[in-house]
Each structure stands twice: as C-alpha cells, then as structure tokens.
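Below, each chain spelled out in residue letters.
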Amino acid sequence: MIQNRLRPAPRFLPLVWLLIFGFGQAIPWVKGPLFAQTSSYVLFAAVLSNKRYVVGQANPGSGLFVSGTQTPQWQNRAFPNIRMFDLEILPEAENGLIYTANGNGVMVSRDFGKRWRVTTGWRITEVLKMVALPESPETVYIGTAYGAFRSNDFGETWRMLRSRFVYALHIDHTDRNRIFIGEEDGLFLSRDGGKTFDRAKGLNAPVLTVAQHPRDPRVLFAGTEDYGIFRSDDRGLSWKPVGSGSVPGATVYEIIFLPRHPSTLLAASFAQGVLISKNDGQSWQKCQSGLQKIPVSCITVHPENPEWIFIGTLNHGVFRSTDGGRTWQPFGLSGAQVMELEIHPAPR
Amino acid sequence: MQTRQRIILRVLIALFLLSAPITARSSSFEERRRRILEQIASQEAGGGFAAVSARLALRRDLPRARSNFWALLNAPSGDMFFVLPMMGTYLYGYHDWDDAIHRKVRHVWKTYLPYRGDTENHWVMWHTALLLAAQTWPDLPANEWANGRSSQENYRDAREYLDFWFQTVTTLGQGEFDSPDYLDKFIAPLCLLYDFAEDSLLRRKAEMALHWLLADYAIDYLDGAYTGGHSRIYDAHLLDPMRDPARGIGYLYFGASQFPQEAWFGLTVYCALSSYRVPAVIQRLATDRRRPFFARERKRVRNIIRFGRERNPPVYKANYMSMHFSLGSVDGGLQQPIQLHTWDVTYLLDEGRCDNLFSLHPYFSARELAMFFPEPVKILVQDIIKSKTTYSQEDKWTGGSPYERTYQHQNTIIVLYALAPNTPYRHMDYYFPKTLSRREVDSSGWIFAQGGKTFIAVRPFQPGHWREEKTAFRFRSPHLKNGHVTVAFEADAFSSWKAFKTAIRGTHLDLSALESRTEVRYITLDGDTLRFRFPDQRWLNGRTVDLSETPLFDGPYLQGDGGVLRIMHGGETLILDFNKPEIRYEKAGE
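What counts as what
Residues numbered from 1 in each chain as written. Chains lettered and ligands numbered in written order. Predicted model: local features only at pLDDT ≥ 70, side-chain atom pairs only at ≥ 80, totals over all residues. Heavy atoms only, no water. Helix = DSSP H or I, 4+ residues; strand = E, 2+ residues; numbered from the N terminus. Rg over C-alpha atoms; globule rule 2.2 N^0.38 Å. Buried < 20%, exposed > 50% of the residue type's maximum accessible area, 1.4 Å probe, protein only. Contact = heavy atoms within 4.5 Å. Areas by Shrake-Rupley, 256 points an atom, 1.4 Å probe, with all protein chains shown as cover. Lys, Arg positive; Asp, Glu negative; His and termini not counted. Charge placed at Lys NZ, Arg CZ, Asp CG, Glu CD. Axes fitted to C-alpha atoms, helices over the stretch in contact; angles between N-to-C directions. Parallel < 35°, antiparallel > 145°, perpendicular 65-115°, else oblique. Left-handed = near helix turned anticlockwise from the far one by under 90°. Core = buried A, V, L, I, M, F, W, Y, C linked by side-chain atoms within 4.5 Å. Pairing = 2+ DSSP bridges. Buried area = accessible area lost by both parts, 1.4 Å probe. Salt bridge = Lys/Arg side-chain N within 4 Å of Asp/Glu carboxyl O. Polar contact = N/O pair within 3.5 Å; in protein donor to acceptor, adjacent residues only side chain to side chain. Domains from an automatic or database assignment. Nonpolar A, V, L, I, M, F, W, Y, C, P; charged D, E, K, R; others polar.

A. Seen up close, the overall build of chain B. The helix and strand inventory of chain B stands at 18 helices and 26 strands. Taken over C-alpha atoms, the radius of gyration comes to 24 Å for chain B, in line with the 25 Å a tight globule of 590 residues would show. Counting only C-alpha atoms, chain B reaches 75 × 60 × 45 Å along its principal axes. Burial status across chain B gives 65% buried among its 590 residues. Partitioning the intrachain contacts of chain B with sequence separation of at least 6 by distance along the chain shows that 67% fall at a separation of at least 24. Just so you have it, chain B exposes about 20700 Å², and 50% of that area is on carbon and sulfur atoms. Counting 73 positive and 68 negative side-chain charges, chain B places the averaged centre of each group 1 Å from the other.

B. Just the packing of helix H5 (residues 80-92) of chain B against helix H6 (residues 99-111) of chain B, in detail. Residues and elements named next belong to chain B. Orientation of H5 relative to H6, taken along the N-to-C sense of each, is 160 degrees, at an axis distance of 12 Å. When the axes of H5 and H6 are compared, the pair comes out roughly antiparallel. Note on packing geometry: the crossing formed by H5 with H6 is left-handed. Contacts between H5 and H6 involve Phe82, Val83, Met86, Met87 and Tyr90 from the former and Ile101, His102, Val105, Val108 and Trp109 from the latter.

C. Region of the structure containing the nonpolar core. Membership of the largest hydrophobic core comes to 115 residues, with the highest contact counts inside it found for Met87, Trp109 and Tyr253 of chain B. When residues of this core are assigned to their parent elements, the largest contribution, 11 residues, is made by helix H10 (residues 200-218) of chain B. Apart from the residues within four sequence positions on either side, methionine 87 of chain B is in contact with Val105, Trp109, Ala129, Leu132, Ala133, Thr136 and Trp137 of chain B. Phe165 and Leu208 of chain A together with Tyr347 and Ala472 of chain B belong to the second largest nonpolar core, which has 66 residues in total.

D. Focus on the pairing of strand E10 (residues 147-151) of chain A. Residue and element names in this part refer to chain A. In terms of burial, E10 is a largely internal element, five of the five residues being buried. A two-sided burial pattern is seen for E10, the buried positions comprising Gly147, Phe149 and Ser151 on one face and Ala148 and Arg150 on the other. Two elements, strand E9 (residues 140-144) and E10, share five bridges in a ladder whose sense is antiparallel. Each residue of the ladder has a partner; that of glycine 143, found in E10, is alanine 148.

E. Geometry of the interface of chain B and chain A. Each side of the interface is counted separately: chain B has 40 residues, and chain A has 45 residues. Taking both sides of the interface into account, the surface hidden between chain B and chain A amounts to around 3600 Å²; carbon and sulfur atoms contribute 52%. Taken together, the links from chain B to chain A amount to five salt bridges. Its salt-bridge partner being aspartate 226 of chain A, residue lysine 378 of chain B comes within 2.7 Å of it at the nearest N-O pair. Where chain B meets chain A, there are 21 residue pairs in polar contact (both at pLDDT 80 or more).

F. The domain arrangement of chain B, seen in detail. Residues and elements named next belong to chain B. Along its sequence, chain B is carved into domain 1 (3-287), domain 2 (293-554) and domain 3 (559-587). Counting residues at the interface gives four residues for domain 2 and five residues for domain 3. Summing both partners gives a buried area of about 360 Å² for domain 2 against domain 3, and 52% of it is carried by carbon and sulfur. Put simply, aspartate 561 and arginine 298 hold a salt bridge, and the shortest N to O gap is 3.5 Å. Summed over the shared surface of domain 2 and domain 3, the result is three residue pairs in polar contact (both at pLDDT 80 or more). Of the residues in the side of domain 2 that touches domain 3, the class split is three nonpolar, no polar and one charged.

G. Inspection of the sheet that holds strand E25 (residues 309-313) of chain A at higher detail. All names here are of chain A. Taking strand neighbours across the sheet as the criterion, the four strands line up as E24-E25-E26-E27 in an open arrangement whose pairing is antiparallel. Across the chains shown, the open sheet's two edge strands, defined by having one partner strand only, are strand E24 (296-301) and strand E27 (329-330). Pairing between E25 and strand E26 (residues 318-321): four bridges, direction antiparallel. The residue bridging phenylalanine 310 from the neighbouring strand is arginine 320, located in E26.

Pasting the structure below:
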C-alpha cells in the first residue's frame with residue numbers, strides 16, 4: 001500500500017533504532033553493521049520466500065528484511081520464517097509501530113521491533129494485504145485468503161468486512177469510509193465504512209492493486225491480472241481501461257504516483273517489468289533495461305530523490321534504478337520473492 | 001492434578017506397559033511396539049527426536065539420547081515438524097530430563113516462532129504442540145512466548161482450533177483424508193493429547209478421534225497396504241507402497257504379515273509410546289478379510305480459497321475390499337492440489353508385499369494451485385516444482401484432473417476422461433506394475449492381468465501404446481474422449497485364467513456415446529448395468545445414483561454422519577458420539 005508511505009521524515013531516537021536492529025536473526029550472508037554506510041534512509045522488504053520454500057524444512061530466511069538505500073546490506077530481522085506478504089510502518093505512532101501481514105497472521109510491534117506479538121488467532125490466517133491509517137494508527141485493515149477484516153485496537157480484535165479472497169485493499173485517503181477491495185472477479189467499494197459493498201462498474205477482472213491520486217481523490221488507477229490498468233475519475237464508481245501497446249493484457253501488481261509529480265505513475269508488472277506513464281496514465285512505456293523477463297511485484301520511490309526507484313521482484317530479489325527507471329541494477333536478496341517495499345528515514 | 005504430576009503419571013504408565021511381561025492377550029501389540037522402538041533406536045544416524053524417544057523408552061544409551069536432544073534444541077528448524085516431536089520427546093521423557101533440558105525446551109518456545117503451516121496436518125500438529133506447551137507452562141506472560149501471547153491466550157487459541165477440527169472431521173469429513181503420507185501426522189498428535197492433555201474432555205475427544213481415524217484407516221487396510229483413493233501421496237510411495245509412513249501406524253495397531261522395514265517411522269514413535277490402545281473391534285475390522293465388502297464414504301475437499309463456488313465441496317469415496325485385493329476410488333476432479341490419487345486396484349503379493357494399478361490424466365495448472373495456495377497466481381507452478389518436481393511433468397503418476405471422473409460399483413470402476421483441447425497433456429496414462437505375473441493384450445480390446453491372487457481386466461476406450469519403465473509398463477492413450485473399465489476378482493472365483501478371460505470377453509460395453517456425450521454403458525458379470533456420463537451422471541440398472549446422499553460412512557462395518565460413527569464387527573458395536581461427546585459399546589442383542 002503506497003498511500004501513506006511517503007511522508008515527512010520523522011526524527012527518531014537512535015536508541016530506538018538500535019533496539020529494532022538488535023533483535024532477530026541475521027541471514028548468514030550479511031556481514032558488518034547495518035548502517036555502516038552513508039545512507040540516510042532504510043529500505044524495508046517483506047519477503048515471502050527466498051529461493052526455495054517448503055513448509056517444515058530448513059528454508060532460507062524470509063520475512064522482514066532491512067537495508068540501507070545506498071548499498072545493499074540486507075539483514076533478516078524479527079522472525080525468519082513466517083511467510084510475509086505485506087507490511088505497514090508508522091514510525092511516529094506509538095514508539096514506532098510496525099504491522100506485518102504473514103501466513104501466521106498479523107504481527108505487531110509497538111516499539112519498533114523490540115517486541116512482537118501475533119495478534120490474530122487461528123481464525124485469521126494467510127494475511128496478504130494490509131493498510132494502516134496514520135491518523136488513527138490503532139486502525140488497520142487486512143485482506144486475507146478468507147476475507148477482509150478491520151481492527152480498531154492495534155489488531156487485537158477483528159471485524160469481518162468481506163469473506164472472499166482479497167487481492168487488493170485500499171482506503172480512500174480523504175474519506176476513510178470508502179473501502180476498496182479487489183477480488184478475483186472485480187472491485188468492490190464500500191461507502192459506509194464496510195457495512196455494505198457494491199461492485200464497481202466496468203471492472204470485472206481480478207484486481208490486484210488500487211492507487212489513488214494524492215491530490216485529486218476522484219482519480220484512481222487499478223492494476224489487474226491479465227487485463228491491464230484501469231482508471232476511474234469518479235472516486236472508484238466506474239472504471240475504464242487505459243493505455244495501449246503492452247498495457248492491455250498486462251498483469252500489474254502495484255501502481256504508485258510520484259508524490260511530487262503525480263502526473264507520473266509507475267507500475268510493477270509481471271511480464272513488462274516497470275511501466276511508466278508521464279501523462280496521467282494515458283500512455284505507458286516499459287522500463288526494462290536490466291529487467292528482462294523478471295516479474296516485478298512492488299515498487300517504491302526514494303522520498304528525497306525521485307530518480308531512485310526500488311522494485312521488489314518475484315524470485316529475483318530487489319533492483320534499484322538511479323536514473324528514473326531507465327536502467328536497473330540488482331540490489332540484493334537475489335532469489336527472494338519480495339512482496340512489498342517501504343523506505344523510511346534512518347537515524348542520524 | 002497438577003501438570004507435572006500428570007505428565008509423570010502418564011510417563012510411568014507408558015514405561016510400565018513397555019516393560020511389562022508380554023501376556024497372551026496383549027502380546028502382539030507389545031511385540032509390535034517394541035519392534036518399532038527397536039527399529040527407530042537402532043538407526044545409526046538417528047539423532048532425531050524419534051530416536052531420542054526410542055532410546056529413552058528402551059533405556060538404551062541415555063547419555064547419547066540426552067546429548068542428541070540437547071543438540072536438536074539448540075537449532076530449532078522445521079516449524080510444526082520440529083515443535084510437535086520436540087514436545088513428544090520432552091513429555092514422554094519428562095522424568096529423565098534435567099533442569100537444563102527443561103529450561104532449554106522453555107527457551108525454544110520463548111525464542112522460536114515457527115510458521116504454523118497451511119494444511120490440516122500442519123495445524124493439528126502445531127496447535128497440539130502449542131496447547132501442550134501452554135499447559136506445561138500455564139501462567140507465563142506474553143513476553144515469555146515468541147509469538148507474544150500469554151500461556152492462557154495460546155492455550156485458548158489452540159484448544160479452540162482443535163475443537164473446531166474435531167467438529168469438522170466428524171461432520172464435514174476430513175480434508176487430508178486417507179493419506180499414506182500424512183496419517184501419522186494426525187495420529188501422533190492425538191496420542192499426545194490423549195496422554196498429556198489435562199482437560200479430561202479434550203482427552204476423551206482425542207481418544208474418540210483416534211478411534212475415528214483408525215476405523216477410517218481400517219476400512220481401507222489390507223495387510224499393511226493403505227488402499228483406494230488418497231487425498232495426498234508422494235510419487236515414491238505410490239510406486240513403492242512398502243515405504244509409506246502409514247505402514248508404521250498400520251503395523252502397530254493392526255499388525256501385518258511383514259514388518260515395514262522400509263517405512264519411515266518418524267512420528268510413529270509417539271504412538272508406540274502412548275498408552276492409547278486401539279479397540280479390538282477396529283483391529284478386527286482392519287484384519288478380517290474373509291468376506292468381501294463394499295463401502296462408501298464422504299470426505300471434503302481441502303479449503304478452496306479462490307476460483308470455487310464452495311469452500312469445501314464433498315469428496316465421495318468408494319472401496320471394494322476382498323481377501324487379496326481392493327478396488328477403491330474417489331469421484332475425481334480437483335480435490336487436492338498436486339498429490340491426489342484418484343483410484344487404484346491394490347493387490348497383495350507374497351511375503352506381505354503389494355502393488356497397485358491405476359490411471360490418471362497428468363494435469364497441472366496455475367489455476368489449480370491458486371485454488372488452494374494464496375501466492376501470486378503467475379508464479380505458483382514455478383514455485384511448486386522447486387519441491388514437487390513432478391507436478392508439471394507429463395509422465396507424473398500423482399495428481400487430480402478436472403477432466404477425470406470415476407464411477408465405481410462394487411469391484412467395477414469406470415473412469416472417464418473428457419480432456420479440454422488446450423490442456424497441456426492430452427492423454428491418459430495407465431500404470432501396469434511389473435509385479436503383475438500376467439499382462440496380456442487381448443484382441444477383444446481387453447487387457448488381462450494377474451497380480452498375486454487377483455485377476456484384473458482393463459478395457460481402455462481408445463487405443464494406445466506401451467512403454468516400459470523402471471517399475472511398470474505405461475499404457476498411454478492420446479485421445480480427448482477416453483477412459484476405461486477396470487474390474488478385479490479373486491482368482492479363485494474362476495476355474496482358470498482362461499475361464500476368467502472368456503467371462504470378461506462376454507460382458508457388454510457400449511461406447512457408442514463416448515465421443516458425442518462422453519458417456520459409456522457397461523454390463524458387469526453380475527448383470528448390473530452401469531451407465532456413466534461425464535462429469536457426474538451415474539445410473540445403476542436405470543436408476544440415478546445420487547452421490548450427494550452419501551453419509552460420512554456407509555457400509556457393513558462403518559456407518560456414520562453428523563458427528564456420530566458406529567463401528568460394527570462380530571456382534572460388537574463401538575459408537576463414537578461427538579455430539580455428547582461419549583464412547584459407547586453395544587453387544588448384539590442388547
């Protein structure tokens with residue numbers, strides 16, 4: 001979920017960050033201290049699996065990984081084997097609030113990773129998507145293989161909103177009662193905080209992601225499985241396919257707006273690498289140099305330098321572009337399925 | 001009774017039983033469990049939990065057992081396959097452990113957070129281990145557990161799931177049903193609950209569930225072989241049935257004419273250590289094969305999380321059991337990802353060995369996997385074949401297909417294939433093991449075979465070609481509309497091999513509607529007319545066969561539904577009533 005990710009840099013206490021990174025199990029191939037570099041930002045990755053995964057076997061580490069943004073120095077933090085699909089980090093909430101979406105359920109740390117708690121019981125499992133609200137951090141939405149849920153108490157108790165497999169989850173950033181849930185046959189919209197849902201018009205494909213314009217909340221884009229990208233100009237009520245060339249028929253896992261230049265959008269796609277549009281989503285170009293045949297699952301942009309773009313891939317780790325997406329270089333975690341990336345300021 | 005006192009009492013009972021003289025009444029069970037423990041303890045490389053427990057129980061090489069246990073606790077890995085046997089070895093050896101070991105096990109729960117898995121067996125193992133740990137350390141706060149939940153929270157969560165599972169299995173049916181590879185993953189945790197759960201109601205439910213699952217196994221048991229359709233089986237164990245892990249369970253509780261030397265025992269050690277005993281009526285059910293019988297069962301499909309109209313559609317099983325063979329099936333389609341085994345004829349060979357014939361359509365798809373697994377659809381096949389390497393191969397021998405359906409009546413099965421033109425592999429494969437003593441392709445279109453004392457006749461609906469492989473001859477028939485009739489008989493039902501062939505040649509098969517309606521009609525030797533139209537229309541002697549009316553168990557020895565199972569044999573009836581819950585016995589005439 002990208003909507004609240006690129007916010008002003010909070011000032012952290014270095015001690016808090018030491019506490020974060022003083023716990024958990026490091027992956028063996030990482031050497032040296034995490035911040036022995038000039039990077040002032042930290043990249044967080046939700047890694048679903050790493051090279052090969054079989055339940056019950058000694059698998060390579062997965063879960064929460066962190067690295068600086070200058071050079072890849074990844075470390076596996078928190079717990080190494082929990083099948084992480086998504087994460088939300090609200091550094092200013094509590095003493096550093098982290099929500100993670102995992103096969104085991106929802107894990108929450110309210111002290112930047114010093115202590116963790118699985119807040120869900122057996123009834124909530126295979127948590128795939130997650131949205132936390134910065135203005136009310138105790139509220140978190142999740143999408144699971146068995147439905148969508150909301151908690152208003154940091155994940156301790158849950159109310160079911162939908163009972164089907166959730167591909168995408170979005171909460172309108174100007175009206176929190178508007179909840180978008182992407183399912184296998186379309187997009188469903190609630191305008192009453194999740195009490196009722198209506199099917200959005202014109203979009204009957206599996207909806208994998210929804211992104212909302214940061215300044216004009218009427219404009220939303222949706223990425224689908226095999227049906228390309230759709231656009232809505234009426235707050236998600238009706239949708240039309242956009243783009244031409246390689247976009248129709250594409251599978252798109254995430255779409256983001258460049259926060260400072262929201263007419264520019266980036267999309268993470270399965271077969272076309274990174275797609276970029278500089279005209280409000282009307283046309284899209286592939287940015288594949290260095291990414292041939294690598295499926296891209298998630299994407300984020302450096303808060304200070306929009307030329308720096310990081311992408312997570314399916315089975316190929318993380319890549320970085322320092323030229324606005326024209327070329328890409330591996331950025332570690334080779335072989336990993338990276339489901340989500342977030343960047344937050346590092347301690348000074 | 002306090003937790004530790006209960007554990008010590010249970011362990012002492014188990015040890016007493018192990019050391020007790022072998023009496024006439026219990027000799028066979030005691031011998032079998034001792035032999036299993038000897039086998040596990042003698043494994044040279046046996047540093048695993050099972051070997052530790054076996055050595056402890058046999059009072060053999062105790063320092064080594066302790067050091068092995070310590071080493072294992074130093075490196076937690078393997079999720080529920082670690083914590084379940086860890087708790088088993090810890091609890092059955094409780095009085096042997098010093099304070100350092102007690103602290104070490106506690107430390108594992110404080111620092112190690114396993115993935116709790118995504119299958120039924122994973123969850124039963126995980127929640128059993130968690131419950132037993134939570135009751136062993138009942139009053140610890142959240143920060144003493146790796147998952148950040150207090151002892152009470154962990155206990156409550158595990159208990160709630162286990163109760164849910166008991167209810168599901170006894171009303172909807174098991175999802176990972178009749179699995180030679182996973183039976184032990186249910187029986188072992190239930191034995192642990194039976195021995196160590198403090199709550200008497202939970203212990204009773206564990207005992208009832210053990211009876212239930214073992215009766216379910218017994219009805220498909222043929223001298224060590226787990227016969228018929230399986231929700232999950234690995235290729236290796238399908239092609240070499242002497243190696244499947246359920247053999248250890250079967251040998252322990254029912255006996256077999258051959259010790260399963262080649263089987264993987266692993267979790268069976270905890271069954272051998274348990275004070276649980278299978279009721280005699282269930283053991284007789286598993287071993288009395290004097291009279292053939294036909295039984296039906298209903299199970300459920302594993303949780304369908306997308307691309308389905310129903311979370312757990314029913315699975316309909318049928319099994320014809322005879323003295324030297326069994327013909328068993330599920331009704332077909334996609335009921336489990338990857339490892340479904342839809343049907344087979346299992347026949348006994350000399351010296352307690354067995355083998356089986358079966359057919360399949362080798363199907364794979366991202367959509368099938370996505371029905372059951374939540375990862376991104378497009379990478380699922382690629383991910384799965386990293387570990388299940390045969391999944392996408394055209395020569396594989398396990399897996400269901402949406403283009404396959406069966407209709408079994410007694411010792412006859414019709415299998416129909418209606419393959420989509422765009423399916424990756426457009427053929428039916430039929431497995432004829434090399435252990436067959438006869439395999440004759442007849443000019444009538446029938447293939448006649450003999451395995452042990454079983455005569456088998458197969459009539460493919462379309463021509464094909466043969467290929468010799470390591471363990472079998474593969475009959476491949478590349479046609480979109482396809483299938484076969486397969487029938488099996490005791491050899492002594494005929495005066496000779498020739499008489500058998502003559503009789504089968506005289507049966508009537510109507511294939512005139514195969515291409516147009518994917519429908520066939522066959523009149524059996526007994527004169528029953530079976531008509532089968534793909535996918536799910538079945539008629540017997542002109543009357544519709546409605547499988548949706550099938551209860552959980554329906555046959556001469558097992559009858560049950562809605563949480564109640566009646567296990568009947570030899571004038572004795574054992575009734576498991578999960579609605580109360582209670583166990584009752586009835587004798588004939590009562």
